[in-house]
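So you can see what is in the structure, the chains are spelled out below.
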Amino acid sequence: MTRKLSLILAAAGLMALAACSEKPAGDASQVPFGSAAAAAVTPPESFGPPQGEPIHAVLTSPPHVPPPVNRNYPAKVIVELEVIEKEMPISEGVSYTYWTFGGTVPGSFIRVRQGDTVEFHLKNAPDSKMPHNIDLHGVTGPGGGAASSFTAPGHASQFTFKALNAGIYVYHCATAPVGMHIANGMYGLILVEPPEGLPKVDHEYYVMQGDFYTTGKYREKGHQPFDMDKAIDEHPTYVLFNGHEGALTGDNALTAKTGETVRLFVGNGGPNLISSFHVIGEIFDRVQQEGGTHPQSNVQTTLIPAGGAAIVEFHTDVPGSYVLVDHSIFRAFNKGALGILKVDGPENKLVYSGKEVDSVYLGDRAEPNLHAVSAAAKANAAGTLTKEDQIKAGAQLFTGTCSVCHQADGKGMTNVFPPLAKSDYLVKQDREHLISIPLHGLHGKITVNGVDYDSVMPPMSQLNDDEVANILTYVLNSWDNAGGQVTKEEVAKVRAQPAPQAAPEH
Ligand SMILES: [Cu+2]
């Protein structure tokens, strides 16, 4: 940089400073929201005292968002939130003890207006085992309300704050061990609307990501306790939108019509992961990154920090299923971070030609259709599992796990994926080797029905013993195969043995 240029820049900087200091304090209230000055300084006095009758805030459970506040004056708003500890399914056939704000994960959505005086009541249900509190990131004050709201089971606390800054804010429990309270689902969003409100849209939805740590593996059946070691190591078992698998898929999918505008309030409770939030097949027309004031346009993927949130908006043009994911993509397809926005309406061939492929793309994940799987797991536990139960459960699991390669009809793809339907290779294998294929994978040259394959099948290590038994039983009894039954005990035996050596030719 030349000496002259740096002098000019320094002078410009001084002028800017002078301009700032000349501005009288309190002037910020006259500046429309969204300008740099308003975002920088908003003295508490400028909002004035609360007006009118106190208002009881409407709270909603996810994915719903309370209606716009629709007020042109600051009010006293009373928020009543109850902490409830309860067992709920985290996945089909898997239960988890959640700690919740309002009975849901994420907790109830709170919506107020900038300048409102919020009287906050936190109740902790009598049957809770833990004390809890709340730290709202939209609060200016020590701990965001945490110390003032510490509440033992069967008690209620109250504190009041003025919502000074507009934006979308995370709230969470901050009782020690904080990480555990958050990991158990204690987070949610509070929207502080700017005085003029948000632009009108056709749909507003509430989506919040969180990472979960269970002692069992992903989708391992039964009740799963929290695993502190996994949480400390930041190795989540589940990464989820709205607290459980299937919260936003199948019948629970978000909906819109073509030609509409959609606004998502997307939070990330963490406790550990940051989210690369993306909607497959959409471009965000507008994003308030990190929940901040100045929007960014034309964004593909927005980064949402743990304990942060964003407002994303887009316009729907083409019908179909749009998939919400954390684009750290193993989290979406192997840990649950997946949701659907179903857009109905006429095709728009000018924008997109058609042909939907989401059934292949998503496998069983687009529908919460694992009922047969959990029924089989229950029967298994009760010792009443029949071959028919196994086949039904195996059929569901095959769809989500094996059919991507071997195809739903078991015919595979010539020279790429060998057929399982009437496979002469399959018939020739001894049971132990057959069971070891899903457990340990398979590679090296094999010949199936006269066609050579020299490829790699990865181990399906996410499957537990009864799932492997059910899938193989399904395979043996489908597509005119020879029949038979594989038990989970047999699978456990093979799993305990060392993995087979690589084929000799490698
Ligand atoms: Cu708590």
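Residues numbered from 1 in each chain as written. Predicted model: local features only at pLDDT ≥ 70, side-chain atom pairs only at ≥ 80, totals over all residues. Heavy atoms only, no water.

### Section: the overall build of the protein chain
Where we set the bar: Under the DSSP-based scheme used, a helix requires at least four consecutive residues in state H or I and a strand at least two consecutive residues in state E, with every element numbered from the N terminus. Whether a residue is buried, partly exposed or exposed follows from its accessible area with a 1.4 Å probe, protein chains only, as a fraction of its type maximum: under 20%, in between, or over 50%, in that order. Two residues form a contact once any of their heavy atoms are found within 4.5 Å.
Summing up its helical and strand segments, the protein chain has 13 helices and 23 strands in all. Going through the 506 residues of the protein chain one by one, you find that 48% of them count as buried. Relative to all contacts within the protein chain whose residues are 6 or more apart in sequence, the contacts with residues 24 or more apart total 69%.

### Quick look at the pattern of salt bridges
Rule in force here: Salt bridge, as applied in this entry: a Lys or Arg side-chain nitrogen positioned within 4 Å of an Asp or Glu carboxyl oxygen.
One pass over the full model with this rule turns up 15 salt bridges. For E204, the salt bridge is made with R263, and the minimal N-O distance between the two is 2.6 Å. A residue pair is termed long-range when its members are at least 10 positions apart, and E204 in strand β10 (residues 203–212) and R263 in strand β14 (residues 261–270) qualify at 59 residues. A relative accessible area of 18% means that E204 is categorised as buried. According to the relative accessible area criterion, R263 is buried, its value standing at 1%. Across the salt bridge formed by R263 and E313, the nearest N and O atoms sit 2.7 Å from each other. Taken as a pair, R263 in strand β14 and E313 in strand β19 (residues 308–315) lie far apart in primary sequence, 50 residues in all. The two residues R263 and E313 agree in class, both being buried. One network of salt bridges, in which partners are shared, links R111, E193, E204, R263, R286 and E313.

### A closer look at the packing of aromatic side chains
Selection rule: When two rings of Phe, Tyr or Trp (its six-membered ring) have centres within 6.5 Å they constitute a pair, described as stacked for plane angles under 30 degrees, edge-to-face for angles over 60, and tilted for the intermediate range.
Taken as a whole, this structure holds 15 aromatic pairs when the rule is applied. With 4.8 Å between their ring centres and 80 degrees between their planes, F109 and Y206 make a pair best called edge-to-face. Remark: Y206 occurs in strand β10 and F109 occurs in the loop between β3 (94–101) and β4 (110–113); sequence separation between them is 97 residues. Plain terms: the ring middles of F159 and F161 are 6.1 Å apart, the flat faces sit at 25 degrees to each other, and that makes the pair stacked. Members of the aromatic cluster, connected to one another through ring pairs, are F241, F277, F284 and F314.

### Considerations on the sheet that holds strand β9 (residues 187–193)
What counts here: Strands were regarded as paired on the criterion that DSSP finds at least two bridges between them.
If you walk across this open sheet you meet the four strands as β4-β9-β8-β6, and the pairing is mixed. Every other strand in the sheet has two partners, leaving β4 and β6 (135–136) as the edge strands with one partner each. Across two bridges, β6 lies against strand β8 (residues 167–172) in antiparallel orientation. From the neighbouring strand, L136 faces β8, where its bridge partner is Y171.

### Quick look at the environment of M180
Among the secondary structure elements, M180 is positioned in helix α3 (residues 178–183). Take M180: its relative accessible area is 21%, and that puts it in the partly exposed class. Counting along the chain gives 32 residues from M180 to F212, while the straight-line C-alpha distance between them is 9.7 Å. In contact with M180, not counting residues within four places along its chain, are W99 and F226.

### A short note on the packing of helix α8 (residues 387–401) against helix α12 (residues 465–476)
Counted only if it meets this: For helices, the fitted line uses only the C-alpha atoms of the stretch in contact; every axis is such a line through C-alpha atoms, and the angle between N-to-C directions lies from 0 to 180 degrees. Note on angle classes: values under 35 degrees are labelled roughly parallel, values over 145 roughly antiparallel, values of 65 to 115 roughly perpendicular, and the remainder oblique. Residues are grouped as follows: nonpolar covers Ala, Val, Leu, Ile, Met, Phe, Trp, Tyr, Cys and Pro; charged covers Asp, Glu, Lys and Arg; every other residue, Gly included, is treated as polar.
Interaxial distance between α8 and α12 falls to 7 Å at its minimum, and their mutual angle equals 95 degrees. The orientation of α8 with respect to α12, classified from their angle, is roughly perpendicular. Between α8 and α12, the residues in contact are K387, Q390, I391, A393, G394, A395, L397 and F398 and E467, A469, N470, I471, T473, Y474 and V475, respectively. Per-class residue counts for the contact of α8 with α12 are nine nonpolar, four polar and two charged.

### Regarding the coordination of the copper ion
Filter applied, for reference: Each metal's donors are the N, O and S atoms within 2.8 Å of it, or within 3.2 Å when it is Na, K or Ca, and because water is not part of the set, sites may look incomplete. Each label reflects the angles at the metal, where four donors whose angles all fall between 85 and 135 degrees are tetrahedral, four or six donors whose opposite pairs open beyond 155 degrees and whose other angles stay between 65 and 115 are square planar or octahedral respectively, and the rest are irregular.
Coordination of the copper ion by the protein comes from H132 (ND1), C173 (SG), H181 (ND1) and M186 (SD), over a distance range of 2.0 to 2.5 Å. If you look at the copper ion, its four donor atoms make angles of 87 to 137 degrees with each other, and the shape they trace is irregular. We note that the donor set of the copper ion lies within a single chain, spaced as H-x40-C-x7-H-x4-M. As far as burial versus exposure is concerned, H181 and M186 are alike and both buried.

### A short note on the sheet that holds β14
Overall, mixed pairing links the six strands, which are arranged β12-β10-β14-β19-β16-β17 in an open sheet. Taken across any chain shown, the strands that pair with only one partner, and hence form the sheet edges, are β12 (238–241) and β17 (296–299). Mean inter-strand twist for the sheet, computed between neighbouring axes without regard to direction, equals 25 degrees. The pairing of β14 with β19 spans eight bridges and is antiparallel. From the neighbouring strand, V262 faces β19, where its bridge partner is F314.

### With respect to the side chain of S91
The condition that has to hold: Polar contacts here mean pairs of N or O atoms no more than 3.5 Å apart (in protein, one a potential hydrogen donor and the other a potential acceptor; neighbouring residues in sequence count only if both atoms are side-chain atoms).
Summarising the element assignment, S91 is placed in strand β2 (residues 76–91). At a separation of 2.7 Å, a polar atom in the side chain of S91 contacts the side chain of E245.

### Quick word on the environment of L264
Inspection of the secondary structure assignment puts L264 in strand β14. Look at L264 and you get buried, because its relative accessible area is 2%. Along the backbone, L264 and E204 are 60 residues apart, and their C-alpha atoms lie at a distance of 5.8 Å. Once you skip the residues sitting within four places of it in the chain, L264 turns out to touch Y205, L254, F277, V279, A310, I311, V312, F314 and L324.

### A closer look at the pairing of β2
When a strand is regular, its side chains alternate between the sheet's two faces. Relative to β2, strand β1 (residues 55–56) runs parallel, the two sharing two bridges. If you follow H56 over to β2, its bridge partner there is I78. Summarising the sheet, β2 and strand β5 (residues 117–124) pair through eight bridges and their orientation is parallel. Pairing of I78 across the sheet is with E119, part of β5. Looking at chain direction, β2 and β3 are connected through eight bridges and run antiparallel. Counted as the bridge partner of P89 is S95 from β3. Hairpin remark: β2 followed by β3, antiparallel, with two residues in the connecting loop; positive phi at G93, about 75 degrees.

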